[in-house]
Protein chains: 2
Amino acid sequence: MVSRTRNRPERPATVERKASVLEAALNCFAVNGVDGTTIQDIQRSANCSIGSLYHHFGSKDGIAEELFIDGIQNLNRGMLTKLRRCKNGEESVKAVVGQYCDWSTRNKDLARYLHSRDIEFSSEARIRLKEIHRDYIGAIYAWFAPFVARREVRVLPVDAYVPLISGPIHEYVRRWLSGHHENPPAKVKSLFADAAWNAVKG
Amino acid sequence: MVSRTRNRPERPATVERKASVLEAALNCFAVNGVDGTTIQDIQRSANCSIGSLYHHFGSKDGIAEELFIDGIQNLNRGMLTKLRRCKNGEESVKAVVGQYCDWSTRNKDLARYLHSRDIEFSSEARIRLKEIHRDYIGAIYAWFAPFVARREVRVLPVDAYVPLISGPIHEYVRRWLSGHHENPPAKVKSLFADAAWNAVKG
DNA sequence: CTTTTACTAGAACGAAATTCTAGTTACGAT
DNA sequence: ATCGTAACTAGAATTTCGTTCTAGTAAAAG
């Protein structure tokens, strides 16, 4: 477990195989849920052996964790890239909402999986996730700090910004992903973007 | 499975036993997570036999489902009761936020469990949950309809109300329950209540 | 060319969910 | 009151499924 993640670079075949396993796993999870998916399902779907799975991921939860972490990082990266093209507080707040809509629509299965929280994370993975979250939130706050400083954005308890800006669209998307309502996020994007800006503007 | 749920009323001892199993299960889930809890853990903790568990609940997921459904209904009931004491749109919207804070604080383990989504629901349970949700949402909309009719509350796409009103506080509470921030919901209750009202007032 | 290490393979193992068989207890009908 | 039936309890037997283990093959390093 220790030696696997350090040292030598992975062979090209390894990178491919790991990617194909994660893809296969996501498909299985999307169809049968995490618990409903067996190691054999993944192994068959990825055309590899059990030994290979365990060599690369260590456990079933290991696969689930890596998929989860990759997904979060993909989402975060996209968000920061989008954000850094914005010129002011209003554009930024609205971009957060818009990007979340777009990403979730483009990556439905992955979005559903990230919402599902069906994974028993190892303590290592939990620590890793905390780090990722801390770094991400740090970058986000750093981006918004100037807008708050010049009172473009309202001063609030730090923990309140994310819920106020992203809470409604998260809730909407979660419901949409589980089939609760008709309109795809694109249809309500600007409504929620306006509401978010309204909630935090100075 | 079919005959169990119809026909004869349950004996008093049965009601007690089922309740004690659900309580035991919630404790185990809170400590070790759903996956980390074995049937034996529950069985020992509830002082009953494996046969008894399977007689009453059919499976481990059956226990998890019933706990989930009971929890949702408890939450819904409390919300409607609170709501029906309100006199106007503003009071109602703010009551939704306040009641959610209070309930989650009073029932931390259950709230965490409801947020966890760690359950593979059977199709029966999924249908049941849809029904419950439909009825609940129906009652909520019926309550708010008059306020919308007289433009106390803004006219919006139906699917937007819940996310706009409850989205932020849901997000906040979810983060609080998983240890992300300091302030208990009570501390930010009025902030989020005001924001919710602001988002939907006419 | 040899040695080492990454990687693949699938049979064997063990833990935990579920099923099965054999009961016991409550309760309505006769 | 007692008989028959269905609710309920019990825990051993079985099955399922994640994980480990042993035996290899392919590829890179020396």
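Residues numbered from 1 in each chain as written. Chains lettered and ligands numbered in written order. Predicted model: local features only at pLDDT ≥ 70, side-chain atom pairs only at ≥ 80, totals over all residues. Heavy atoms only, no water.

For the rest of this paragraph, the subject is helix H6 (residues 89–106) of chain A. Since the α-helix advances by 3.6 residues per turn, residues separated by three or four positions end up pointing in the same direction. Residue and element names in this part refer to chain A. Relative to the 26 Å expected for 18 residues at 1.5 Å per residue, H6 spans 26 Å between its end C-alpha atoms, a close match to the ideal helical length. Residues Gly 89, Ser 92, Val 93, Ala 95, Val 96, Val 97, Gly 98, Gln 99, Tyr 100, Cys 101, Trp 103 and Ser 104 constitute the buried set of H6. Where H6 is buried, its residues meet helix H5 (60–83), helix H7 (108–116), helix H8 (123–149), helix H9 (158–177) and helix H10 (185–200). Taking the backbone nitrogen of Glu 90 as reference, a side-chain oxygen 3.2 Å away marks Asn 88 as the first, capping residue of H6. (Helix = DSSP H or I, 4+ residues; strand = E, 2+ residues; numbered from the N terminus. Expected span 1.5 Å × (residues − 1). Buried < 20%, exposed > 50% of the residue type's maximum accessible area, 1.4 Å probe, protein only. Contact = heavy atoms within 4.5 Å. Polar contact = N/O pair within 3.5 Å; in protein donor to acceptor, adjacent residues only side chain to side chain.)

Below, the discussion takes up the interface of chain A and chain B. Contacts between the two partners involve 35 residues from chain A, matched on the other side by 33 residues from chain B. The contact between chain A and chain B buries some 2900 Å² in all, and 55% of this surface belongs to carbon and sulfur atoms. For the pair chain A and chain B, the number of links is 0 salt bridges. Looking at the side of chain A that touches chain B, the elements that each hand over two or more residues are helix H2 (12–36), H8, H9 and H10 of chain A. Examining the composition of the side of chain A that touches chain B, we find that 12 residues originate from one element, H9(A), more than from any other. For the side of chain A that touches chain B, a count of residues per class yields 13 nonpolar, 12 polar and 10 charged. (Buried area = accessible area lost by both parts, 1.4 Å probe. Salt bridge = Lys/Arg side-chain N within 4 Å of Asp/Glu carboxyl O. Nonpolar A, V, L, I, M, F, W, Y, C, P; charged D, E, K, R; others polar.)

On to the side chain of Ser116(A), then. Looking at the element boundaries, Ser116(A) is found in helix H7. Classification of Ser116(A) by relative accessible area gives buried; the value is 17%. Ignoring any residue separated from it by four or fewer positions in sequence, one finds Ser116(A) in contact with Ser116(B) and Arg117(B).

Next up on the list: the relation of the copies chain A and chain B. Placing chain A over chain B gives an RMSD of 0.3 Å and needs a rotation angle of 178°, together with 0.1 Å of translation along the axis. Classification of the inter-copy transformation places it as that of a two-fold axis. Both copies contact each other with a shared surface, as 94% of the interface residues of chain A are interface residues in chain B too. (Least-squares fit on C-alpha atoms with pLDDT ≥ 70 in both.)

Let's shift gears to the domain arrangement of chain A. All names here are of chain A. When the domains of chain A are assigned, the result is domain 1 (1–58) and domain 2 (60–200). A straight line from the C-alpha centre of domain 1 to that of domain 2 covers 27 Å. Contacts between the two partners involve 16 residues from domain 1 and, on the opposite side, 12 residues from domain 2. Carbon and sulfur atoms make up 72% of the area that domain 1 and domain 2 hide from each other, which totals about 1300 Å². The tally of links between domain 1 and domain 2 comes to 1 salt bridge. Between Lys 18 and Glu 66 there is a salt bridge whose closest N-O contact spans 3.3 Å. The interface formed by domain 1 and domain 2 includes 3 residue pairs in polar contact (both at pLDDT 80 or more). Elements with a minimum of two residues in the side of domain 1 that touches domain 2: H2, helix H3 (39–46) and helix H4 (50–57). (Domains from an automatic or database assignment.)

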